[in-house]
Amino acid sequence: MCGIIGIVGKNATEAVLSGLDTLEYRGYDSCGLCYKKQSSLVVKKVAGRVSGLKALPMENSTVAIGHTRWATHGKPSAENSHPHLSYDGNFAIVHNGIVENLGEVKSILKSVPLKSRTDSELIAHLLAHFYAGSVREAVERTAETLKGTFTFLAMSVYDDNVYAYRKNAGLIVGLGDGFGVVASDVTALSSLVENAVVLSDDDLAVIGKDSVEFFRFGRRIEKTSVPVSLYKTSPLSADTYMQSEIDEIPSAINATVTSLLSPEGLPAFTESSRFDNVFISGCGTAYHASLYGKTVFEKIAKIKTCVEVASEIKNHSLHLSPTTLAVFVSQSGETRDTISALRYAKSLGAYTVCLTNIRGSSLSVEADFSLYLDCGAEIAVAATKTLASQMIALYLFASYVAKENGVVSKADFSSLVSDAKKLEIAARKAVCSGLAEAVAKETYDKKVLFLGSGQDYPSALEGALKLKEITYKSAEAYRLGELKHGPIALVDDDTFCIVALTDKSLVPRAEITLSELETRGAKTIAVTPFPLSHSVLKTDEAPLLLSPILTVIHLQKYALAVCLRLRLDPDKPRNLAKSVTVL
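Not measured: the values here are computed from a predicted model.

As a further point, take the pattern of salt bridges. Inspection of the entire model under this criterion finds 27 salt bridges. One salt bridge connects Glu334 with Arg166, and the closest N-O pair in it is separated by 4.0 Å. Of the two residues, Glu334 is situated in the loop between strand 18 (324-330) and helix 9 (336-347) and Arg166 in the loop between strand 8 (162-165) and strand 9 (172-175); the sequence distance between them amounts to 168 residues. An identical accessibility class is assigned to Glu334 and Arg166; each is buried. With a closest N to O distance of 3.2 Å, Lys447 and Asp492 form a salt bridge. Here Asp492 lies in the loop between strand 22 (475-479) and strand 23 (495-500) and Lys447 lies in strand 21 (residues 447-452), a separation of 45 residues in the sequence. For Lys447, a relative accessible area of 31% translates into the label partly exposed.

Of the pockets and cavities examined, the largest pocket occupies roughly 500 Å³. Lining of the largest pocket is provided by 26 residues; of these, Cys283, Gly284, Ala577, Lys578 and Val580 occupy positions nearest its centre. Those elements giving two or more residues to the lining of the largest pocket turn out to be helix 8 (285-299), strand 18, helix 9 and helix 14 (457-471). Counted as a void, the second largest pocket has a volume near 220 Å³. Contributing to the lining of the second largest pocket are 14 residues, with His84, Leu85, Ser86, Lys115 and Glu121 lying nearest its centre. Where the lining of the second largest pocket is concerned, the elements lending two or more residues are strand 3 (40-47), strand 5 (84-85) and helix 4 (121-130).

On to the sheet that holds strand 15 (residues 226-227). Here 8 strands make up an open sheet; going across it, the order is 3-2-4-1-10-9-11-15 and the pairing antiparallel. The two strands at the open ends of the sheet, each matched to only one other strand, are strand 3 and strand 15. As judged from the 2 bridges shared by strand 11 (residues 195-198) and strand 15, these two strands associate in the antiparallel manner. Looking at the pairing, Ala196 lines up with Val226 of strand 15.

Residues at a pLDDT of 70 or more form 96% of the protein chain, whose mean pLDDT is 91. Between the elements of the protein chain, mean pLDDT differs from a low of 79, seen in strand 15, to a high of 98, seen in helix 8.

Take empty space enclosed by the protein next. Applying the stated criterion across every chain yields a total of 6 cavities of 30 Å³ or more. Estimated volume of the largest cavity: approximately 240 Å³. Considering the residues around the largest cavity, the lining is formed by 27 residues, among which Ser184, Asp185, Val186, Ser332 and Ile358 are closest to the centre. Across the lining of the largest cavity, the residue classes tally to 11 nonpolar, 9 polar and 7 charged.

Its place among the elements puts Trp70 in the loop between strand 4 (63-69) and strand 5. On a C-alpha basis, the gap between Trp70 and Leu576 in space is 7.8 Å, while along the polypeptide they are 506 residues apart.

What follows concerns the packing of helix 8 against helix 11 (residues 385-404). Packing of helix 8 against helix 11 leaves a shortest axis separation of 9 Å and a crossing angle of 25°. Classified by the angle their axes make, helix 8 and helix 11 are roughly parallel. Helix 8 and helix 11 meet at a crossing whose hand is right-handed. Residue-level contacts link Thr285, Ala286, Ala289, Ser290, Tyr292, Gly293, Val296 and Phe297 of helix 8 to Leu387, Gln390, Met391, Leu394, Tyr395, Phe397, Ala398 and Val401 of helix 11. Tallied by class, the residues present in the contact of helix 8 with helix 11 amount to 12 nonpolar, 4 polar and no charged.

Quick notes on the rules
- Residues numbered from 1 in each chain as written.
- Predicted model: local features only at pLDDT ≥ 70, side-chain atom pairs only at ≥ 80, totals over all residues.
- Heavy atoms only, no water.
- Salt bridge = Lys/Arg side-chain N within 4 Å of Asp/Glu carboxyl O.
- Helix = DSSP H or I, 4+ residues; strand = E, 2+ residues; numbered from the N terminus.
- Buried < 20%, exposed > 50% of the residue type's maximum accessible area, 1.4 Å probe, protein only.
- 1 Å grid on protein atoms, 1.4 Å probe; cavity = no way out; pocket = protein on both sides within 12 Å on 5 of 7 lines; lining within 4 Å.
- Points joined across faces, edges and corners; volume = space filled by probe spheres on them.
- Pairing = 2+ DSSP bridges.
- pLDDT = per-residue confidence, 0-100.
- Nonpolar A, V, L, I, M, F, W, Y, C, P; charged D, E, K, R; others polar.
- Axes fitted to C-alpha atoms, helices over the stretch in contact; angles between N-to-C directions.
- Parallel < 35°, antiparallel > 145°, perpendicular 65-115°, else oblique.
- Left-handed = near helix turned anticlockwise from the far one by under 90°.
- Contact = heavy atoms within 4.5 Å.

Encoded structure:
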């Protein structure tokens, strides 16, 4: 969840501060950095955002590490912020994760007083405890002692290196002209280096200004690099990242279609005929994409499909087997629950496919096969363009499996692909529409109920989630037919009901439902391409199974418009972080 960065080389302090700006979306309740001044370590940290840290006096250095925090242990405060110093002041660390064997570690350090209420501080003390002349060996012994998620960076008074250890949360290392850099997110490196190395679990990188060495369990290893240019952040086209990323949805759809149809995309997937069922899983917005995936796999590929929230996979008796195609959806590829779910599916023999935006991410490394969105960096915490890309990717994946299994002809597959390519045009119209903003102007102060049936139910769920994420308003989503089975008790004059409607066969039922809602005082609108006898936010017509992508664009725009009317920050909503790398 947290953002960590370390740099060795000229202007390291300034470069770390700039990197923390980029990483702030991973956690922003507190932040800090440590730099080396002659033979001592200087720590600066604040409760609050990076702008507050930048206001503190500090000097430049040739080695520095920094951290943006999403609190797990200890409330947000300067005291609990990272970096943490060891008891002797000779080591500093920044940590992303949760140490799960606190009792064991504290028993080793029983005489050491703690200055914070965090688990992370113990890592710094362990380094000092184990140091016997080699910083690398102290890092390795510390890692052997810890259990849980303990990706961390360390620096010391003994040399001018940054030591980066990965365990269950991502780290990427790059080497530039006269500097070395490591960060928890590729976006922090993409403006600094052309290529980077993605660390695997239990990898240790020793980073200097002119070299990087890699070790695993005490032995030196070789690593290959990957290009990072895909993840450069685009210039803002609006006042917020969220608006800018909604604006990018048409180009994101096009980029994902291009990626999946490239030789290393779907054409490289040769396992289609071995599966008789599909399982799809994700968390949050990726779970909503998974529900959409069930629709397209069952309707296009005619394969029985099951969907489960990734955090719940071990709580159910899922019948996964070698004939199961298990698809795991994650924007970052580092979502801890989704990684755990993938590992569980593999243990049952399922063939696993990862659908992610980040090449070299943990999920992509562990999956049997990976498909990449390649839709560019997404900085706003609330997912927008990556959802559209996940949906179009699942549509194409289902179409490809259907073609490979003879369920659809090559000609029909070409037609499905053509429809996907054309969606960019309709998406551009949706992005440019001002209808959602006009609706928000009239309803931003109301409680909101989202309704949808069939393929529109995931859109309703996503509309409610997006509104909750960035406006902090309570919002509910239900299937259209479930309204009279309880939820209608919520409806009064202060209610605004949004009905997602892309299936023409459901128009009669939707008309009845809208009348029932209005009779009870609710204000209503249907997001639909069809004319109704009730208020409509009109979308462009598109092929039936692609229409929900246009719906979610309007619902995202509505949530953003409400957020801005409430004068809230859509890019960094409270209590949230972009990549959930801890349980």
